[in-house]
Amino acid sequence: MTQTKELQVESFSLGPLQTNAYLLTVPGENKGIVIDPGMNPQSLLKRVANLEIEAILLTHAHFDHIGGVDELRKLKGCPVYLHDAEAEWLTNPKRNGSQNWPELGGPITTVPAEYALEEGMKLELLGLSFQVLHTPGHSPGSVSFLHGNRLFGGDVLFKLSVGRTDLAGGSENELLHSIHGKLFKLPDDTIVYPGHGPKTSIGYEKEHNPYV
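Residues numbered from 1 in each chain as written. Predicted model: local features only at pLDDT ≥ 70, side-chain atom pairs only at ≥ 80, totals over all residues. Heavy atoms only, no water.

A. Here's a closer look at the packing of aromatic side chains. Following the criterion strictly, the structure yields five aromatic pairs and no others. Both rings, one in Tyr81 and one in Tyr115, keep their centres 4.7 Å apart while their planes meet at 25°; by these two values the pair is stacked. A residue pair is termed long-range when its members are at least 10 positions apart, and Tyr81 in strand 5 (residues 80-83) and Tyr115 in strand 6 (residues 115-117) qualify at 34 residues. With relative accessibility at 12%, the residue Tyr81 sits in the buried group. Looking at Tyr115, the relative accessible area reads 43%, which means it is partly exposed. Taken together through their ring pairs, the aromatic side chains of Tyr22, Phe152 and Tyr193 make up a single cluster. (Phe/Tyr/Trp six-rings, centres within 6.5 Å; stacked < 30°, edge-to-face > 60°. Helix = DSSP H or I, 4+ residues; strand = E, 2+ residues; numbered from the N terminus. Buried < 20%, exposed > 50% of the residue type's maximum accessible area, 1.4 Å probe, protein only.)

B. Structural view of the sheet that holds strand 9 (residues 143-147). Taken in spatial order, the six strands make up an open sheet running 7-8-9-10-13-14, and their pairing is mixed. The open sheet terminates on both sides in strands that have one partner only, identified here as strand 7 (122-125) and strand 14 (200-201). (Pairing = 2+ DSSP bridges.)

C. Just the sheet that holds strand 6, in detail. Reading across the sheet, the six strands line up as 1-2-3-4-5-6 and stay open at both edges, with mixed pairing between neighbours. Two strands lie at the open edges of the sheet, namely strand 1 (8-14) and strand 6, each paired on one side alone. Strand-to-strand twist across the sheet, computed as the mean angle between neighbouring axes with direction ignored, equals 25°. Strands strand 3 (31-35), strand 4 (52-57) and strand 5 of the sheet are contacted by helix 3 (residues 69-76), whose axis makes an angle of about 150° with strand 4. (Axes fitted to C-alpha atoms, helices over the stretch in contact; angles between N-to-C directions. Contact = heavy atoms within 4.5 Å.)

Put into structure tokens, the structure is as follows:
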């Protein structure tokens, strides 16, 4: 498949934890995909009102990353992609963490994902190819989506920080292995779009991130 199309990335900071949701579109085409539609997704839903949404891609299933899944899925009739290690988290508020922080909005559930993600999988969406990297550590089913020099990494690697590992299924050793063994093997000019905070690059984090 030729990769001549240009990918446009729009970011939405959603919910009490300011989780980054990303809308990916191709200029001139009336469709898109959404990565991690978080809580209080009104601004995102307004933006996609006139778009066909091909898919919802989840980097992982913590509550702040899935809070808008149900609304978006029902509005657009689009399938959800999630790693099998967290297959039950969409239906179980204890597993996704929403039950543990009731002050942030109460239990969050939605029906299971239509498609299971796994390491090395290639997703053909928007006429483009996205590679799936299994990057556990923050959570067991954490994945990163790579298209060209753009990486959508969820809560694995942040600008000058890394994802927390003290939640259920987290592992500091696994997180560092994911970062050094997979992400840091990507070219230095790879742009990282994280689950929280500003974007960064692989080269910048290799040189400046104190946690790795």
